[in-house]
Amino acid sequence: MRVFRLQVNGDTVEVAAPEHWTLLEVLRYKIGLTGSKQGCDKGDCGACTVLLDGVPTLACLSLAATVETSAITTIEGLLPAHRANGGEGADPVQDAFDRCGALQCGFCQPGMILSAKALLAKNPNPTSQEIKQSLSGNLCRCTGYTQIYEAVVLAAKGEQV
Amino acid sequence: MAARDQHGSEAPGDQGFRVVGKENRKVDGLAKATGEAIYTDDIMLPGMLHAKMLRSPHAHARVLSVDTSKAEALEGVVGVLVGAELPIRYGVIPWTPDENALATDKVRFIGDEVAAVAAVDEDTALEALDLIEVEYEILEAILDPQKALVTPEPAIHEGRKRRDNISKHVDLEFGDVDAQLEGADIVLEEDYSFHSTTHAPMEPHCAVAQPNSNGRLTLWSSTQITHYVHRALSRVLELDPARIRVIQPCLGGGFGGKSDPFSLEFVVAKLALKTGRPVKMLWTREEVFYAHRGRHPMQMHYRTTAKKDGTITSVDAKLLIDGGSYSSFGLVTTYYSGQLLTGPYNFPNYRFDSTRVFTNKPPNGPKRGHGSVQPRFAFEVQLDEIANRLGIDPIEIRRRNFIGADTETVNGQRISSNGFMQCLDEVEDASDWKARHGKLPHGRGLGVAGSMYISGTNYPVYPNKMPQAGVQLKIDRSGLVTVFTGGNDIGQGSNSMVAYLVAEELGLLPTSIHVVSADTDLCPVDLGAYSSRVTFMVGNAAIDGARKLRKQIIEAVAKHWEVEARDVRLMDGTVIDLSEAARSMTHVEAFHLAEELFDTLGSTGAYNTPELGGDYRGGTIGASPAYSFTAHAAEVEVDTETGRITVLKVWAAHDCGRALNPIIVRGQIEGSTYMGAAEVVLENHDLNRFGLHSGPSLLDYRIPTSLDAPDLEARIVESIDPEGPYGAKEAGEGPLHSTIPAIANAVFDAVGIRLRHLPFTPAKVLKALRELEEQN
Amino acid sequence: MLRLPKFEVKNPSTVEEAIAMMHAIDGEARFLAGGTDLNPNMKHRLFTPERVVALGGIEEMFGITQQEDGSMRIGAMATLANVASHAELGLAYPALSQAALLVSGPQLRNMGTLGGNVMLDTRCQWYNQTYFWRSALGFCMKKDGTKCHVIEGGSKCVAAASNDTAPALMTLGAELEFANATGRTRMPIADLWQADGIWNKKVAHTELLVAIHLPKPSADQRGAYGKLRDRGSIDFPLFGIAIRLDLDAQGTIFDAALCAVALQARPWPLKKAAALLCGTKPGEESFTEAVEQVAALAAKQCRPMPNIPGDHEYRHAMVSVYTKRALLAAANGDGPVHHV
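### What to know about the interface of chain C and chain B
Listed per partner, the contact involves 37 residues of chain C and 39 residues of chain B. Both faces combined, the contact of chain C with chain B buries some 3100 Å², and carbon together with sulfur accounts for 55% of it. The interface formed by chain C and chain B holds nine salt bridges in total. In this structure, C:R3 and B:D123 form a salt bridge, with 2.8 Å as the shortest nitrogen-oxygen distance. Taken together, the links from chain C to chain B amount to 19 residue pairs in polar contact (both at pLDDT 80 or more). Contributions of two or more residues to the side of chain C that touches chain B are made by α8 (131–136) and α12 (312–332) of chain C. Among the elements that take part in the side of chain C that touches chain B, α12(C) stands out by supplying six residues, more than any other. For the side of chain C that touches chain B, the per-class residue count stands at 18 nonpolar, seven polar and 12 charged.

Printed below as a string of structure tokens:
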């Protein structure tokens, strides 16, 4: 067991977990942030994507013991951050995914949305090729991706209902 | 009484549709987008144990002994389970129960379950697995279905009436097929094959069981079939079903891969009962590949006869179906492989002879487009070749053979609405077919194909006369309507569909509807999310239940206002008086009036199919109250140096009856099409020479990334169905079928090679190109 | 979930501390850079160290800096995304930049490091699998067993070097800076490899790759990387080829290097083939002819084996196609050669 001091969604969280645990396990099974999903066990699907200092990173391949100095953003962090910035409703990217039907089973979406979020932070007007490239580490089995692209484009336009 | 009465396909009031047909949000969209939605593995219970499965490293072996004593002695191990403790067999089809949760006598594929351990954490459970000693007597493994067909010994399943490795054989003839040979203008006879592919939903299977102190048991499971799991648990655990509650939490995709009862469900339940503690088992991705139930590989032989003008006169099919190690849905698969091909084209004479065999491989089952995707591929490629030989445009030959609406197929299936011709028109137009087919530069091509699929069938897997789908509605004084449905929302959006229909009937906004689903304690039975049955059946049940309440509400308001019922309009959460008085109230006030008049408000709704199907053995299998129709046009580019096929774009026109929410329908069409395209050029559930899955991971089983998926354009065709909920039919599986042959036919247009054996690997393409070169 | 084995994690902040931590344990310890190779491999029980020495806190190992002599120093912990998006690197060393861009998918490139990619374990379809999977075959000689399933009866492990950046660094004549218990050493990357799939490097796993040094490019140096894989993202190479061309002021090639990967244990330099390019001039027939000859010779020199997934005969057929396309891309200042 080791006590990890993690910065998660703006909170500093101290949590004891076995030393060999991944960030994904600590987030899900110790802190209770189950929004980050586990789809493939070993870095092949992107469902566990979180942002480390704003950069899309796979929580299933990150040891909790190596991320104590990074600011971790999970899917649960977006809406509160949006509200803290004076926004209403959900985060614009989350909202766009809902409006565009980009969420079917929803299992890949926390990771997908965080990848999209990181893309838009860096590049507010991505081309369709840039969107495809940026999301190419997040497998979706439901949509065929089209409605996901539409959601990213809609979020980029900043439209919200 | 099960409602077989017609609700009509029109809007309930005079104001037209207010919810249906609109681009509404899903009821659970934001919950999923924000990470709030709870999936099975997100459930954590106090004192919960974690279980792991010991699996067979042998493809075929007799289990002589299992010694768990060392595992039991390991600190942190709380419960160990072996097959003898769960001796009762199960299977999703009640006629073929051939599975044990853990091996009792034999293991039948590499990965078959042998024993399980529950411990304080997964690491300890894993450690304990290593301490279990199993003695096997290794048997010859049968991996080749051709060999299975002719090799009765060793029988993979012993003690059956049949002493061989044949799982199911169906041989049906309609009309006189052989008589058409003489005088046929063209006879085309070819072999085709479809390889093994799997569902690969993003969520791995997971189950959590909790023993309750009052002697009841709760199981949360990532299942598409809560009701069947409920029945199977009761049978295997020998526990009164009234003491078992099965809940499907949010589900991370299924596609048919979670529509069998699975060993982990029995194992966690039994371990929970044994230890008195909650138990969870989460399968690794590798274990999901072993659980499989994916698309059956088929070796197919088709012979079609036709007249000069392209009119089909007969179709003769012989299919060998690789079932893998267990029956699963195999009985149905075997029928579907023939029964579902008899539209959208008229087959005056048809015969199919399908044999499903057992092999020592992960069991095959129902993957999106169960049993009919493979024959559809073969036939549509054959039809394309006939068109080519006869010099007929591939779209035109499909039009000429159109079976029509309000008719019956040669095998006795009732066809009601049929928008296939419009589907063809749509893809012809969208792809600029006339200007481009046959005219694109070498290496680029366009192809077309068509298909049909069921919207559920009238064959419940266990025979009974009760409704196939039921809902219950509860109206709260707050104005909230809660709908309880046994239907399984697996991501396809069925809970949203229910909310839209109830909102439409009651004149509410969908946000006033709360849907509680797939909980056997709370919800009336629905048979589950398979065979594309949910929209049609649960949808009709929802309308049925809501319409009863609608009547009560209108009656109460009319009485209050002292107007005629027809003057009361329910719309968007407001109740309007259409008489001269011109006044209104909120729906909440209306609910209160109705509750005053009728007491506590609630209703039930149900759906059952009419009598359908041919009057012969198996004639009801594949008989659907409505069929969906699809046409696909695909554009490909073939790199003649590398052999790589790039599917540039696929246009998919799908007749779903009325589109209850076009965004969701589009998502189903696009998702199906993408999945089909991937089966052609990327995916292969390949077993190596040892019978071991050659790459059971999402690295080696190549599902498309965003850079691999073709551009998709969905066109919705609405042939309003007379019996569908507001005229709706299915959209979740049909639009996969013709993707595959459309791509195959596009490859022919691009480079002149006829590929008949999936998958179309670059190596296969290069070989065919070389052979073509040699011929010329 | 697929479990990691139990280990302790050390977080050194200097190279020297890291080396000390590596040695101050009786059992096995492993360096952890981005974790994208070691973590899956540990989940597969290919490595079961008692200690993991995580390198993320060692400042010296980060950064991409141009040296006074015009050479470039890339800290081993620079991520593949850093390398792929670094403007000067892209201009000076296009093959490396392109190779880094084609490693796996975006998140893996954000995590995976150049040092980690150089030190990547060799790969094989019979090896990169779970313990259970491998146990069903009685294991293989690379781990836990004695047999080879690639070449039945084979006595040498033929697991394949699968690191996209290695051939690029080979063509560029990179030097590797290692730290070990006795101090620092520098070696040409060409000297790193040995023909043994079990461990294809001449340094021990206890030695730490600190930085990669790239010599100053010639005035008109061009390059490209070609990668064959099934999908547009995520997949390891089924074949990879890196090219470097040095052109004089007249546009004639005076030096060239080719190196292939995803064949056998080592990245595979194609020296004879490269020699055919010298004296030819892109844009003229001499070069076009040489490209054909080089492609044909490459196909003779590169013999893919059924070690990694995919049809090895097809991979062989692609050697000449990808070599040719990569050569043309290098000459034209294009690339990478990739199907999407």
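Okay, back to it.
### Concerning the sheet that holds strand β24 (residues 584–586) of chain B
Strands belonging to one sheet form pairs held by backbone hydrogen bonds; the direction of such a pair is parallel or antiparallel. Residues and elements named next belong to chain B. If you walk across this open sheet you meet the three strands as β22-β23-β24, and the pairing is antiparallel. Edge positions in the sheet fall to β22 (568–571) and β24, since each of these pairs with one other strand and no more. Direction aside, the axes of adjacent strands within the sheet are offset by 20° on average. Direction of pairing for strand β23 (residues 574–577) relative to β24: antiparallel, over a ladder of three bridges. From the neighbouring strand, I576 faces β24, where its bridge partner is S584. Where helix α14 (residues 534–561) meets the sheet, its contacts fall on β22, β23 and β24, and the angle it forms with β22 comes to roughly 130°.

### Observations concerning the domain arrangement of chain B
Residue and element names in this part refer to chain B. Taken domain by domain, chain B consists of domain 1 (29–33 + 466–607), domain 2 (40–139 + 204–251 + 258–291) and domain 3 (298–459 + 614–775). For domain 1 versus domain 2, the distance between C-alpha centres works out to 39 Å. Opposite the 17 residues of domain 1 that make contact, domain 2 presents 15 residues. Here domain 1 and domain 2 share an interface that buries about 1300 Å² over both sides, 45% of which is from carbon and sulfur atoms. Area buried by domain 1 at its contact with domain 2 is led by I490, T520 and D521, which between them contribute 36% of it. Here domain 1 is connected to domain 2 by three salt bridges. Linking R245 and D521 is a salt bridge whose minimum nitrogen-to-oxygen distance equals 3.7 Å. Connecting domain 1 to domain 2 are nine residue pairs in polar contact (both at pLDDT 80 or more). Class assignment of the residues belonging to the side of domain 1 that touches domain 2 gives a composition of seven nonpolar, five polar and five charged.

### Considering empty space enclosed by the protein
Residues and elements named next belong to chain B. Taken as a whole and assessed by the stated rule, the structure comprises 14 cavities of 30 Å³ or more. As for the second largest cavity, its lining consists of 48 residues, of which Q492, S532, Q668, G732 and E733 are closest to the centre. Broken down by secondary-structure element, the contributors of at least two residues to the lining of the second largest cavity are α8 (330–339), α13 (494–506), α14 and α16 (662–681). Its residues assigned to classes, the lining of the second largest cavity shows 23 nonpolar, 18 polar and seven charged.

### Structural notes on the domain arrangement of chain A
All names here are of chain A. Its domain assignment divides chain A into domain 1 (2–76) and domain 2 (78–157). Using C-alpha coordinates to define each centre, domain 1 is positioned 20 Å away from domain 2. Tallying the contact residues gives 17 residues for domain 1 and 14 residues for domain 2. Roughly 1100 Å² of surface becomes buried between domain 1 and domain 2 when both sides are summed, with 66% attributable to carbon and sulfur atoms. At the surface where domain 1 touches domain 2, the tally comes to zero salt bridges. Taken together, the links from domain 1 to domain 2 amount to five residue pairs in polar contact (both at pLDDT 80 or more). Considering each element in turn, the side of domain 1 that touches domain 2 owes the most residues, three residues, to strand β3 (residues 49–52). Residues that form the side of domain 1 that touches domain 2 fall into these classes: six nonpolar, eight polar and three charged.

### Examining unusual backbone geometry
Note: most residues except glycine have negative phi, and most peptide bonds are trans. The residue after B:E153, namely B:P154, is reached through a cis peptide bond having omega -5°. Structurally, B:P154 can be placed in the loop between α4 (145–150) and β7 (166–174). Note the cis peptide between B:G343 and B:P344, where omega equals -5°. Topologically, B:P344 is positioned in the loop between α8 and β15 (350–357). Within the chain, A:N9 stands out as a residue other than glycine whose phi angle is a positive 50°. Looking at the secondary structure, you find A:N9 in the loop between β1 (2–8) and β2 (11–17). Note on A:N9: relative accessible area 26%, which makes it partly exposed. For C:D144, which is not glycine, the phi torsion reads 70° and is therefore positive. Position of C:D144 relative to the elements: it lies in the loop between α8 and α9 (165–171).

Thresholds, definitions, all that
- Residues numbered from 1 in each chain as written.
- Chains lettered and ligands numbered in written order.
- Predicted model: local features only at pLDDT ≥ 70, side-chain atom pairs only at ≥ 80, totals over all residues.
- Heavy atoms only, no water.
- Contact = heavy atoms within 4.5 Å.
- Buried area = accessible area lost by both parts, 1.4 Å probe.
- Salt bridge = Lys/Arg side-chain N within 4 Å of Asp/Glu carboxyl O.
- Polar contact = N/O pair within 3.5 Å; in protein donor to acceptor, adjacent residues only side chain to side chain.
- Helix = DSSP H or I, 4+ residues; strand = E, 2+ residues; numbered from the N terminus.
- Nonpolar A, V, L, I, M, F, W, Y, C, P; charged D, E, K, R; others polar.
- Pairing = 2+ DSSP bridges.
- Axes fitted to C-alpha atoms, helices over the stretch in contact; angles between N-to-C directions.
- Domains from an automatic or database assignment.
- 1 Å grid on protein atoms, 1.4 Å probe; cavity = no way out; pocket = protein on both sides within 12 Å on 5 of 7 lines; lining within 4 Å.
- Points joined across faces, edges and corners; volume = space filled by probe spheres on them.
- Buried < 20%, exposed > 50% of the residue type's maximum accessible area, 1.4 Å probe, protein only.

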